[in-house]
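Here is how the chains run, residue by residue.
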Amino acid sequence: DKELAQLIHREAERVEALMQTLDPLSPSSQQQHALVNVHQALEHAARVMKNISPSLRIATYYDPSIPEILADESRLIQVFVNLLHNACDAMKDSANPTLHITTRIASSPLPLCIS
């Protein structure tokens, strides 16, 4: 219960900060770039999804060589939450949904596939 309460509190703060960045008149409307650990942001987004869909299984495969990146952590987490939410929606009819999250450094650009 304590972990869930902490997650809810952090999410409320993150969404509040994100909303302030959307208001052009707000003094905090500038993006807050800092060094961010991508895997920590992904883990946060995965915890959010696990609380939305408790039956969801999540398997992670992280490349430990990925360095921290300069990003707005709140926005990055929101992107990951949106992507994971979309993936969960696509699996909603699966009997045993498992979400696989993989990070890696691509040695060449990935081809763009649109179907």
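Look above for the structure.
Nothing here was measured: the structure is a model prediction, and the numbers come from that model. (Residues numbered from 1 in each chain as written. Predicted model: local features only at pLDDT ≥ 70, side-chain atom pairs only at ≥ 80, totals over all residues. Heavy atoms only, no water.)

Considerations on the overall build of the protein
Working step 1: Looking only at helices and strands, one finds three helices and four strands in the protein.
Working step 2: Helices (α) and strands (β) of the protein occur, in sequence order from the N terminus, as α-β-α-β-β-α-β.
Working step 3: Here the protein holds 115 residues, and the buried ones make up 30% of them.
Working step 4: When contacts within the protein are restricted to residue pairs at least 6 apart in sequence, those whose partners lie at least 24 apart make up 79%.
Working step 5: Working note: accessible area of the protein is about 8,200 Å², and carbon and sulfur atoms make up 57% of it. (Helix = DSSP H or I, 4+ residues; strand = E, 2+ residues; numbered from the N terminus. Buried < 20%, exposed > 50% of the residue type's maximum accessible area, 1.4 Å probe, protein only. Contact = heavy atoms within 4.5 Å. Areas by Shrake-Rupley, 256 points an atom, 1.4 Å probe, with all protein chains shown as cover.)

Overview of helix α2 (residues 38–52)
Working step 1: For α2, built from 15 residues, the straight-helix expectation of 21 Å at 1.5 Å per residue is met to within 8% by its first-to-last C-alpha distance of 21 Å.
Working step 2: Buried within α2 we find Val38, His39, Ala41, Leu42, His44, Ala45, Ala46, Val48 and Met49.
Working step 3: One side-chain oxygen of the residue at the start of α2 lies 2.8 Å from the amide nitrogen of His39, identifying that residue as Asn37. (Expected span 1.5 Å × (residues − 1). Polar contact = N/O pair within 3.5 Å; in protein donor to acceptor, adjacent residues only side chain to side chain.)

What about the nonpolar core?
What tends to happen in soluble globular proteins is that the nonpolar side chains get buried as a cluster.
Working step 1: Residues Ala41, Leu56, Leu76, Phe80, Leu84, Leu99 and Ile101 are the most contacted members of the largest nonpolar core, which totals 20 residues.
Working step 2: Of all the secondary-structure elements, those providing two or more residues to this core are α2, α3 (73–90) and β4 (98–102).
Working step 3: Here the element with the most residues in this core is α2; it accounts for seven residues.
Working step 4: The contact partners of Ile101, leaving out residues within four places of it in the chain, are Leu42, Ala46, Ile58, Ala59, Thr60, Tyr61, Tyr62 and Leu84. (Core = buried A, V, L, I, M, F, W, Y, C linked by side-chain atoms within 4.5 Å.)

A word on the packing of α2 against α3
Working step 1: Viewed as axis vectors pointing N to C, α2 and α3 meet at an angle of 45°, and their least axial separation amounts to 9 Å. Of the possible angle classes, the one that applies to α2 and α3 is oblique. Considering the relative orientation of α2 and α3, their crossing is right-handed. Contacts from Val38, Ala41, Leu42, His44, Ala45, Ala46, Val48, Met49 and Ile52 of α2 reach α3 at Leu76, Ile77, Phe80, Val81, Leu84, His85 and Cys88.
Working step 2: Taken together, the residues of the contact of α2 with α3 break down into 14 nonpolar, two polar and no charged. (Axes fitted to C-alpha atoms, helices over the stretch in contact; angles between N-to-C directions. Parallel < 35°, antiparallel > 145°, perpendicular 65-115°, else oblique. Left-handed = near helix turned anticlockwise from the far one by under 90°. Nonpolar A, V, L, I, M, F, W, Y, C, P; charged D, E, K, R; others polar.)

Observations regarding the environment of Arg57
Working step 1: On the secondary structure map, Arg57 appears in strand β2 (residues 57–61).
Working step 2: Judged by its relative accessible area of 44%, Arg57 is partly exposed.
Working step 3: With residues near it in sequence (within four places) discarded, Arg57 still touches Lys50, Asn96, Pro97, Thr98 and Leu99.

Structural notes on the side chain of His44
Working step 1: Assignment of secondary structure puts His44 in helix α2.
Working step 2: In this structure His44 comes out as buried when scored by relative accessible area, which is 1%.
Working step 3: At 2.9 Å, the side chain of His44 forms a polar contact with the side chain of Arg10.
Working step 4: Beyond its immediate stretch of four places on either side in the chain, His44 contacts Leu7, Arg10, Glu11, Arg14 and Ile77.

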